[in-house]
Amino acid sequence: MPGRAGGSVWDVRASTLRLGLLAWASLGMPTAVLAADSRPANISPQQTNTAQQKQAGLAELRRLAKEAENLRAAGKLSEAIAAGQKAAALARQQYGDASKTVASWQEWVALRQEQLEQWQAAQQSRADVLTIYSKLYGKGDWRTTEARLALERIVRLSKMTPAEREQIAKAA
């Protein structure tokens with residue numbers, strides 16, 4: 001394992017990967033899971049603070065995930081979207097702009113925006129997912145293709161009348 005051999009300081013990025021794992025709950029809601037703390041004894045106080053900040057961020061991300069899902073389950077989609085957007089912003093701080101966690105949250109938010117027929121916002125969320133997946137996996141990957149098709153679907157739906165969208169829903 002890099003960073004452990006030869007008594008060198010543990011790589012903070014490796015620690016971050018261990019601390020935050022993306023898991024899909026039974027309802028498809030992304031959450032961050034905190035792994036056991038297995039830091040070596042020779043890490044500096046600065047690295048300890050960084051790890052504590054990461055843990056605090058992950059705890060907040062889990063709290064927001066629970067809040068967003070509870071709001072969704074209660075039918076409060078606008079509030080759920082706001083909580084999901086906060087979670088996506090926090091995930092960006094924790095993992096960077098191009099991460100699976102950010103993409104998962106953007107997809108979650110887009111689904112709720114679609115339910116409320118917030119087409120412009122859903123397009124933006126879907127475009128963000130497409131950008132992230134393109135960076136992570138390349139343009140030919142199936143996940144990038146799925147994201148592109150989801151964006152194209154939203155664009156088409158946004159141009160339809162409510163009656164046309166209802167017809168599509170009945171046919172599906």
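Residues numbered from 1 in each chain as written. Predicted model: local features only at pLDDT ≥ 70, side-chain atom pairs only at ≥ 80, totals over all residues. Heavy atoms only, no water.

A. Local environment of unusual backbone geometry. The phi torsion at Glu117 lies on the positive side, around 55°, for a residue other than glycine. Residue placement: Glu117 occurs in the loop between helix H4 (100-115) and helix H5 (119-137). (Helix = DSSP H or I, 4+ residues; strand = E, 2+ residues; numbered from the N terminus.)

B. Representation of the confidence of the model for the protein chain. For the protein chain, the average pLDDT comes to 80, and 72% of its residues sit at 70 or higher. Mean pLDDT in the protein chain bottoms out at strand S1 (residues 20-24), which sits at 34, and peaks at H5, which reaches 98. Contacts from residues 1-29, a stretch scored under 50 in pLDDT, to residues over four places away or in other chains number 54 contacts. Confidence drops under a pLDDT of 50 for residues 31-39, and excluding neighbours within four residues, the segment shows 26 contacts in the predicted structure. (pLDDT = per-residue confidence, 0-100. Contact = heavy atoms within 4.5 Å.)

C. Structural view of the pattern of salt bridges. Under the counting rule described, the total for this entry stands at 11 salt bridges. Two residues, Arg153 and Glu114, come together in a salt bridge whose shortest N-O distance is 3.0 Å. With Arg153 in helix H6 (residues 142-158) and Glu114 in helix H4, this residue pair connects regions lying 39 residues apart in the sequence. On the basis of relative accessible area, Arg153 is assigned to the partly exposed category, the value being 33%. Exposure remark for Glu114: the relative accessible area of 12% places this residue in the buried category. Note that Arg143 and Asp141 form a salt bridge whose closest N and O atoms lie 2.8 Å from each other. Its relative accessible area of 17% is what places Asp141 among the buried residues. Where salt bridges share partners, they join Glu60, Arg63 and Glu67 into one cluster. (Salt bridge = Lys/Arg side-chain N within 4 Å of Asp/Glu carboxyl O. Buried < 20%, exposed > 50% of the residue type's maximum accessible area, 1.4 Å probe, protein only.)

D. Molecular detail of the packing of aromatic side chains. In this structure the tally under the stated criterion is 2 aromatic pairs. On the basis of an interplanar angle of 70° and a centroid distance of 5.5 Å, the ring pair of Trp105 and Trp108 is categorised as edge-to-face. Here Trp108 and Trp105 lie together in helix H4, a separation of 3 residues that amounts to about one turn. Taken individually, Trp105 and Trp108 each receive the classification buried, so the pair is uniform in this respect. Where Tyr133 meets Tyr137, the ring centres are 5.5 Å apart and the plane angle is 55°; that geometry is what we call tilted. Residue Tyr133 and its partner Tyr137 are both found in helix H5; the two are separated by 4 residues, about one turn of the helix. A relative accessible area of 9% places Tyr133 in the buried class. Residue placement shows Arg112 over the ring face of Trp108; its charged tip is 4.5 Å from the ring centre. When the ring centre of Tyr137 is taken as reference, the NZ or CZ atom of Arg143 above it lies at 3.6 Å. (Phe/Tyr/Trp six-rings, centres within 6.5 Å; stacked < 30°, edge-to-face > 60°. Lys NZ or Arg CZ within 6 Å of the ring centre and 35° of its normal.)

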